[in-house]
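Single-letter residue listing:
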Amino acid sequence: MNPNKRVLIIEDERAIRRLLKTSLEGAGYAVLEAQSGEAGIRDAASLRPELVILDLGLPDQSGLEVLKRIREWSPVPVLILTVQDSESDKVAALDSGADDYLTKPFSVPELLARLRVLERHSRGVASDPIQVFGDMKFDFGGHLVTLRGKELKLTSTEYGFLKVLALHAGRIVTQRQILKEVWGPNAVEHTHYLRIYAAQLRKKIEDDPSNPKWIITEPGVGYRLKFKN
Amino acid sequence: MQNSSPDRSSSLLESWYVLWLTALVSLLGAVLEVVAGYRAVGFLFLVFVMLLGLVYSVGPVLFAAGLSALVWNYLFIPPRFKFFVSNSEDFMMLLSYAVAAGVIGVLTHRLRRMQELSALRDRSSLFLVDFSKILASDQGRDAVALKAMEKIEARFKLRVGLGFAEGSTFLSPQQMMVGDREKALMQKALKEGSFQGWDGLSPRHLAIPLQGAAGPSAVLLCRRDSDTQLNQESKELLFATTEPLAYFLQREKLREKSLEAARLRESEFLHQALLDSVSHELRTPLTSLLGSTAALEHSVKASDLGPNRELLEEIKASGERLNRVIENLLDMARLNSGALALKKEWHDPAELVQLTLQGLKAPLSGHVLKLELAPELPLVRMDYRLLEHALSNLILNAAGYAPPGTEICVSASVHDGNLEWRVADQGPGIPEGNLERVFEKLFRIPGSPAGGTGLGLYIARSLLKAHGGDAWAVRRPSGGAEFILSLPLEPSPGLPGELAA
């Protein structure tokens, strides 16, 4: 772990802050804490953290508002914390520039995995035309995907779908984002396209399509390409 | 008013008086004739008829006009003592007299009648104003209705009572006795929406229905004493009073309803606010509790934990269970308040099963899971989170009742245009009589193991019904219970170009 990575936690609940602080410090992060949205925006500007964990349910202003204010000037990766039953809040936050989300109650290993993915993306690896995600190798220049050395026979739409996920590998991509990038802005409501193509892709990629390991559905929110490096 | 003329006996009496009065005036005329001549006598008769018009009714007045014309002709106009007029001037005068006397008599009578009527109308409207004032007061329905009825009793010399269409309330200022016949009369008035009684069948009782927004809402029952007779005007006034009374009752009913609705809204609002706050207050410590156990598990080596590992597992399992209870309570609150908004999207029904089971790994770890997903299941339009909640409630219910080590089979297939998810267990099953009851709120099969809120199945069915589907249970022939969630399929959505081609 990089001991210099500083994470800003914007969260009003002391218990959650303490849990985050203990787990993150245990994993080698330096932790900064803000108890309100206003303090969070100020600290994000003055302390320049490498990562931000933002609770959507803050007492002084909505987390969504805090996110928008931070996004006005900073591309810092932001992980959102939300409660279970608010898919629309999650989607709104993701479409407003959040990089990923976690649902309360969350597990610490999951949190650390999400943060690692965000760090990886913030290092800007996406500029390399050839990328490896575990057993899967992407050649973005040649429109080629190989799985365990075997080339996948994908239609252009399937490739487009998989590519969007791979460009954000490990991170959630919202339904809207995929539909817009693969089928264009007129298709953003056609979520059934996603079900059909996710099922098709799984048949080609997954060992057991009914128990997917690569393409993970997050119902009502989006899809995630999961991998282990 | 045509039918308000006094009856015949009083007319005859008046005519009898007219006869004598005419004789009296004739005597006066005889005196007058000596001084002013026979023509002046005509004027005397004219004044006489006019005065009669102020007191008597039309018949006797016309009788007086005719009689006096004859008397004048016979006794005064030459040639005397003959019904004959020799002078053409006299003839014209007699004729004009007869016409003038008749017209004046009738006009005067009419004027008097109009005055009487308008006085009556004034009294009636004064009464109605007073009556409305009583109804406008703010003392509660029953107190006001009783006061209004006292007013009616005083005005019409009746005994009255008020019976309501809903419930068995009967209000009466003087505790009027109501027998079966009166009840039947009131029922009939309610049913037919028209007044009943004061006829051969029921000479003393009258039942007037009071019209509400949706049919008669109450009946006013009036009892008259045998010697009380209401004339037409009074009857009309009595009916007129029932209108403001009916409005009053309707208004009271609406007010009661809107108060009730406001109370309900307020309580629902509080209910929702309370549950939101409770959910937040419970989830925050729960997040820290579950997060901390996961962090412990993650950071401490299994061997170092030793026997404490089981304790940690227990904390985790309980925390997760508590989390599901909170979920149930929240959905319950939404269902109750009607604030359940469905976010319908197309979803893969097989994926619903897979993801639901993934989330239930820990509570299902003691059972053998079997998955039966029909190939090529159509997409279903549903609120994913709610359906997942319904399905996991069924699965957790099965896991709670079926002994560890037994098989729980979860399947998805299409039946008669419905998508059906089935959860079959090898537990003790459900007694025949309880197949429906298990879906009731807070119902638990007697003697069933502890744990569970009694809300899971109720919520599952409510959520499916909100989708236009249903949930039910059957007994498996091989023993055990099977729960079914069924959702009607909608026409498949249009496919993207590449696939459709």
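Note: the structure precedes this text.
Just so you know, these numbers come straight off a predicted model, no measurement behind them.

**Q** Tell me about the overall build of chain B, residues and numbers included.
**A** Looking only at helices and strands, chain B features 13 helices and twelve strands. Taken over 501 residues, chain B has a buried fraction of 42%. In chain B, the proportion of contacts linking residues at least 24 apart, taken out of those at least 6 apart, comes to 65%. With an accessible surface of roughly 26900 Å², chain B has 60% of that area assigned to carbon and sulfur atoms.

**Q** With reference to specific residues and values, describe the interface of chain B and chain A.
**A** Counting residues at the interface gives 35 residues for chain B, matched by 37 residues for chain A. Together chain B and chain A conceal approximately 2900 Å² of surface at their shared face, both sides included; 58% is due to carbon and sulfur atoms. The salt bridge partner of A:Arg195 is B:Glu345, with a shortest N-O separation of 3.3 Å. Between the two partners, chain B and chain A, sit six residue pairs in polar contact (both at pLDDT 80 or more). Put simply, the parts of the chain that give the side of chain B that touches chain A at least two residues each are α7 (232-299), α9 (308-337), β6 (345-347), α10 (349-359), α11 (384-401) and α13 (497-500) of chain B. Sorting elements by how many residues they give to the side of chain B that touches chain A places α7(B) first, with twelve residues. Along the lines of polarity and charge, the residues of the side of chain B that touches chain A split into 13 nonpolar, twelve polar and ten charged.

**Q** With reference to specific residues and values, describe a nonpolar patch on the surface.
**A** Residue and element names in this part refer to chain B. A cluster of nonpolar side chains, contributed by Leu13, Trp16, Tyr17, Leu19, Trp20, Leu21, Leu24, Leu27 and Phe63, occupies part of the molecular surface with about 930 Å² of accessible area. Broken down by element, the residue count for the nonpolar patch peaks at eight residues, all from helix α1 (residues 8-36). Here Trp16 shows up in helix α1.

**Q** Requested: an account of the packing of aromatic side chains, with residues and values cited.
**A** Summed over all chains, the structure comprises 16 aromatic pairs over all chains. Measuring from centroid to centroid gives 6.0 Å for A:Phe133 and A:Phe138, while their planes differ by 70°, and the two rings are edge-to-face. In this structure, A:Phe133 and A:Phe138 share a single accessibility class: buried. By the ring-pair criterion, three or more aromatic residues cluster together here, those being A:Phe133, A:Phe138, A:Phe140, A:Tyr159 and A:Phe227. It is B:Arg461 that lies over the ring of B:Phe439; its NZ or CZ is 4.2 Å from the centre.

**Q** Please set out the nonpolar core residue by residue, giving values where relevant.
**A** Residue and element names in this part refer to chain B. Counting 46 residues, the largest nonpolar core has Trp421, Phe483 and Leu485 as the members making the most contacts within it. Among the elements that make up this core, the one with the highest residue count is α11 (nine residues). Not counting the four nearest positions on each side in its chain, Trp421 is found in contact with Pro349, Leu352, Val353, Met382, Leu387, Leu391, Ser411, Ala412, Phe483, Ile484, Leu485 and Leu487.

**Q** Kindly report on the sheet that holds strand β7 (residues 368-373) of chain B, identifying the contributing residues and their values.
**A** Residues and elements named next belong to chain B. Within the open sheet, the five strands sit side by side as β7-β9-β10-β12-β11. Their pairing is mixed. Edge positions in the sheet fall to β7 and β11 (470-475), since each of these pairs with one other strand and no more. This sheet shows a mean twist of 15° between the axes of neighbouring strands, independent of strand direction. Examined bridge by bridge, β11 and strand β12 (residues 481-488) share six bridges and lie antiparallel to one another. By the bridge assignment for β12, Asp470 is matched with Ser486. Those strands touched by α10 are β7, β9 (407-415) and β10 (418-424), and its axis lies near 170° from that of β7.

Calculation criteria
Residues numbered from 1 in each chain as written. Chains lettered and ligands numbered in written order. Predicted model: local features only at pLDDT ≥ 70, side-chain atom pairs only at ≥ 80, totals over all residues. Heavy atoms only, no water. Helix = DSSP H or I, 4+ residues; strand = E, 2+ residues; numbered from the N terminus. Buried < 20%, exposed > 50% of the residue type's maximum accessible area, 1.4 Å probe, protein only. Contact = heavy atoms within 4.5 Å. Areas by Shrake-Rupley, 256 points an atom, 1.4 Å probe, with all protein chains shown as cover. Buried area = accessible area lost by both parts, 1.4 Å probe. Salt bridge = Lys/Arg side-chain N within 4 Å of Asp/Glu carboxyl O. Polar contact = N/O pair within 3.5 Å; in protein donor to acceptor, adjacent residues only side chain to side chain. Nonpolar A, V, L, I, M, F, W, Y, C, P; charged D, E, K, R; others polar. Patch = residues over 30% accessible without salt bridge, like charges linked within 9 Å, V, L, I, M, F, W, Y side chains within 5 Å. Phe/Tyr/Trp six-rings, centres within 6.5 Å; stacked < 30°, edge-to-face > 60°. Lys NZ or Arg CZ within 6 Å of the ring centre and 35° of its normal. Core = buried A, V, L, I, M, F, W, Y, C linked by side-chain atoms within 4.5 Å. Pairing = 2+ DSSP bridges. Axes fitted to C-alpha atoms, helices over the stretch in contact; angles between N-to-C directions.

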